[in-house]
Amino acid sequence: MVNINGIDWNAFIGRELANVTIVKELGRGTMGVVFAGFQKSLKRQVAVKVLHKARACNAAAWQSFRDEGEAIAVLNHPNIVPIYEMGEADDCYFQVMQLVDGSDLRTILRRTFKHPLPSKRLLPLDQIIEIVIQVLNGLNYAHDEGVIHQDIKPGNILVERRDRRPLIADFGIARIFEADYCSQGKIVGTPLYMAPEQAAGKTTDGKADIYSMGVILFEMCAGTLPVKEEPVKDLIERKKYAPETFFTVKPSAASPLVDERLERIILKATAPKPEQRYARCEAYSDDLQRYRHDHLSPVMTP
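Below or above, wherever it landed, is the structure these notes cover.

Thresholds applied
- Residues numbered from 1 in each chain as written.
- Predicted model: local features only at pLDDT ≥ 70, side-chain atom pairs only at ≥ 80, totals over all residues.
- Heavy atoms only, no water.
- Helix = DSSP H or I, 4+ residues; strand = E, 2+ residues; numbered from the N terminus.
- Buried < 20%, exposed > 50% of the residue type's maximum accessible area, 1.4 Å probe, protein only.
- Contact = heavy atoms within 4.5 Å.
- Areas by Shrake-Rupley, 256 points an atom, 1.4 Å probe, with all protein chains shown as cover.
- 1 Å grid on protein atoms, 1.4 Å probe; cavity = no way out; pocket = protein on both sides within 12 Å on 5 of 7 lines; lining within 4 Å.
- Points joined across faces, edges and corners; volume = space filled by probe spheres on them.
- Nonpolar A, V, L, I, M, F, W, Y, C, P; charged D, E, K, R; others polar.
- Polar contact = N/O pair within 3.5 Å; in protein donor to acceptor, adjacent residues only side chain to side chain.
- Pairing = 2+ DSSP bridges.
- Axes fitted to C-alpha atoms, helices over the stretch in contact; angles between N-to-C directions.
- Phe/Tyr/Trp six-rings, centres within 6.5 Å; stacked < 30°, edge-to-face > 60°.
- Lys NZ or Arg CZ within 6 Å of the ring centre and 35° of its normal.

Attention now goes to the overall build of the protein. What the protein contains, in helices and strands, is nine helices and 13 strands. Counting the 302 residues in the protein, one finds 49% classified as buried. In the protein, 62% of the contacts between residues at least 6 apart in sequence involve partners at least 24 apart. Carbon and sulfur atoms provide 51% of the accessible area of the protein, an area that totals close to 14600 Å².

With that settled, consider empty space enclosed by the protein. For the structure on display, the rule yields one cavity of 30 Å³ or more. Empty space within the largest cavity amounts to approximately 40 Å³. Taken together, L109, T112, F113, R121, L122, L123, E219, M220 and G223 form the lining of the largest cavity. Where the lining of the largest cavity is concerned, the elements lending two or more residues are α2 (105-113) and α5 (206-222). Element by element, the count of residues in the lining of the largest cavity is highest for α2, at three residues. Within the lining of the largest cavity, the residues separate by chemical class into five nonpolar, two polar and two charged.

Turning our eyes to something else, we now look at the environment of H295. Assignment of secondary structure puts H295 in helix α9 (residues 281-295). Spatially, the C-alpha atom of H295 lies 10.0 Å from that of R261, the residues being 34 residues apart in sequence. Those residues in contact with H295, other than ones at most four positions away along the chain, are D259 and R261. A distance of 3.4 Å separates the side chain of H295 from the side chain of R261, its partner in a polar contact.

Spatial ordering of the open sheet is given by β9-β11-β12, a layout of three strands whose pairing is antiparallel. Unpaired on one side and paired on the other, β9 (102-104) and β12 (166-168) mark the two borders of the sheet. Averaged over all pairs of adjacent strands, the angle between their axes in this sheet comes to 25°, without regard to strand direction. In this fold helix α3 (residues 125-144) packs onto β11 (157-160) and β12, with an angle of close to 35° to the strand it touches most, β12.

All right, on to the packing of aromatic side chains then. Two numbers describe a pair of aromatic rings. These are the distance of the centres and the angle of the planes. For the structure on display, the rule yields six aromatic pairs. Arranged with centres 4.7 Å apart and planes meeting at 50°, the rings of F246 and F247 form a pair that is tilted. Across the pair, F247 and F246 agree in class, each one buried. Members of the aromatic cluster, joined through ring pairs, are W9, F12 and F35. If you follow R44 out to its NZ or CZ, it ends over the ring of Y84, 3.8 Å from the centre. Cation over ring: K239 sits above F246, and NZ or CZ is 4.3 Å from the ring centre.

Here's what the structure looks like:
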């Protein structure tokens, strides 16, 4: 579909924003449409996220979009998608960022899970752990800089095709410690991956991202999350009032890849109460690195 809510997104093809020519649409999200573009000044391909002013129906939408750019602008880490430029046109706001040659983790997991051979329907455990460790490294850096992502999910983790390096994208609802515009009581994030305190509308810290990465590790190991199928409203209520019932079985019962030690790591990362989880992403990553050292062969870099 070209016209969404009265917006002809196809009209952006061939258009110039700053010194970038829009080439094609890549995808759509809650905060706008992402296009591939060509930055003439540096002769490179880039990604351009566009928020149409007709979609920025209130100040909070634009503030969130602007804060995403400002938050990422201060972050310089190999596992975070960098923003090169941010600007405004007559009808839209836009961000110019690195174009990642690869797929998001959600696409990779779905493609893998559909493999005709049952033995190939899960990623190798060493690859799973390497991806999670690198994402945790990026999050740990962001947290140290005062930024929580708050919407970590497979769709917001891009994996480069060449070297399988994961990069965190879409800080659209990121909370900045020193300048928090998200008022307490507002639920933000993706329900399946959000921490219980997010579902309850409470103030969050880095442990919310740790919870999300625990859910992702569980999903990568199992292929699909063992959770009850229920409406989003009921899922949020479950996260809020009975988070210990979110998973229907333990990780070791859901996946042949998970032994007792890895199960403890997953359950600690996804503990219902923030104080029961890892205090920092660094501690979570360290546990995974020790597990990999003791149980798996070293990951070979292609």
